[in-house]
Amino acid sequence: MQYISTFAVPIMLCGIICYGLFKRVNVYETFIDGAMDGIKSLVKIIAPLIGLMVSISVFRASGLLDLFTYALTPVTNLINMPGDILPLALLRPISGSGSLAIVSDIYQTAGPDSISGRIASVMMGASETTFYTLTVYFGSVGIRKVRHTLKAALFSDLTAIIASVIVVQLLLR
């Protein structure tokens with residue numbers, strides 16, 4: 001297995017180059033064109049990404065995350081969601097790195113095999129960083145109006161959050 005992982009990327013790169021040569025494609029020129037397109041996409045999405053990162057930092061530093069956690073505790077008690085999961089549920093649609101930090105904290109305090117640790121693991125796998133994804137993908141092609149995408153994605157995240165709590169609770173109790 002170690003040899004496969006060591007040689008997988010070089011073999012794949014050689015395979016792509018050989019395929020391009022077989023199809024009589026100027027591989028180097030095509031690579032340069034793709035790299036230029038990547039840089040153009042980066043320039044298009046850098047401002048929205050910086051705005052998203054700043055707003056996430058403000059959201060966490062201002063105490064709004066803690067306020068939302070406190071205000072929503074009665075609602076989360078309906079589905080027996082542990083209190084340490086709620087910050088993850090609130091931050092997951094906004095920030096992947098922020099939610100990963102919360103999961104790491106849950107693992108350190110409650111343990112990865114605890115109910116909270118397992119719910120956090122399932123929630124991370126079942127939900128998406130919606131705002132980041134919309135910013136990157138829609139921003140890269142210049143779409144400004146997201147129409148129903150945001151509502152559908154947030155509903156999907158809510159469903160994933162509730163389902164992760166219920167499924168883990170059912171499987172572990």
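Residues numbered from 1 in each chain as written. Predicted model: local features only at pLDDT ≥ 70, side-chain atom pairs only at ≥ 80, totals over all residues. Heavy atoms only, no water.

**Comments concerning helix 7 (residues 130–141)**
Each turn of an α-helix holds 3.6 residues, which means side chains three or four residues apart point in the same direction. Spanning twelve residues, helix 7 covers 17 Å between terminal C-alpha atoms, matching the ideal 16 Å at 1.5 Å per step. Regarding helix 7, the residues found buried are Thr130, Leu134, Thr135, Val136, Phe138, Gly139 and Ser140. Two residues or fewer past helix 7, glycine 142 is found with a positive phi of approximately 85°. (Helix = DSSP H or I, 4+ residues; strand = E, 2+ residues; numbered from the N terminus. Expected span 1.5 Å × (residues − 1). Buried < 20%, exposed > 50% of the residue type's maximum accessible area, 1.4 Å probe, protein only.)

**Brief notes about unusual backbone geometry**
Positioned with a positive phi, arginine 24 is a non-glycine residue whose angle comes to about 60°. Relative to the elements of secondary structure, arginine 24 occurs in the loop between helix 1 (2–22) and helix 2 (27–61). Assessed through its relative accessible area of 78%, arginine 24 is described here as exposed. Despite not being glycine, asparagine 80 has its phi angle at roughly 60°, a positive value. Mapped onto the secondary structure, asparagine 80 falls in the loop between helix 3 (64–76) and helix 4 (86–91).

**Overview of the side chain of serine 99**
Relative to the helices and strands, serine 99 resides in helix 5 (residues 96–109). Those residues in contact with serine 99 that lie beyond four places of it in its chain are Leu88, Leu91, Arg92 and Met124. (Contact = heavy atoms within 4.5 Å.)

**Re the nonpolar core**
In this structure, Met81, Ile85, Leu88, Ile102, Ile119, Ala120 and Met123 are the most contacted members of the largest nonpolar core, which totals 21 residues. Sorting the residues of this core by element identifies helix 2, helix 4, helix 5, helix 6 (115–126) and helix 8 (149–172) as the ones contributing at least two each. Apart from the residues lying within four places of it in its own chain, the contact partners of isoleucine 102 are Arg60, Leu65, Pro87, Leu88 and Leu91. (Core = buried A, V, L, I, M, F, W, Y, C linked by side-chain atoms within 4.5 Å.)

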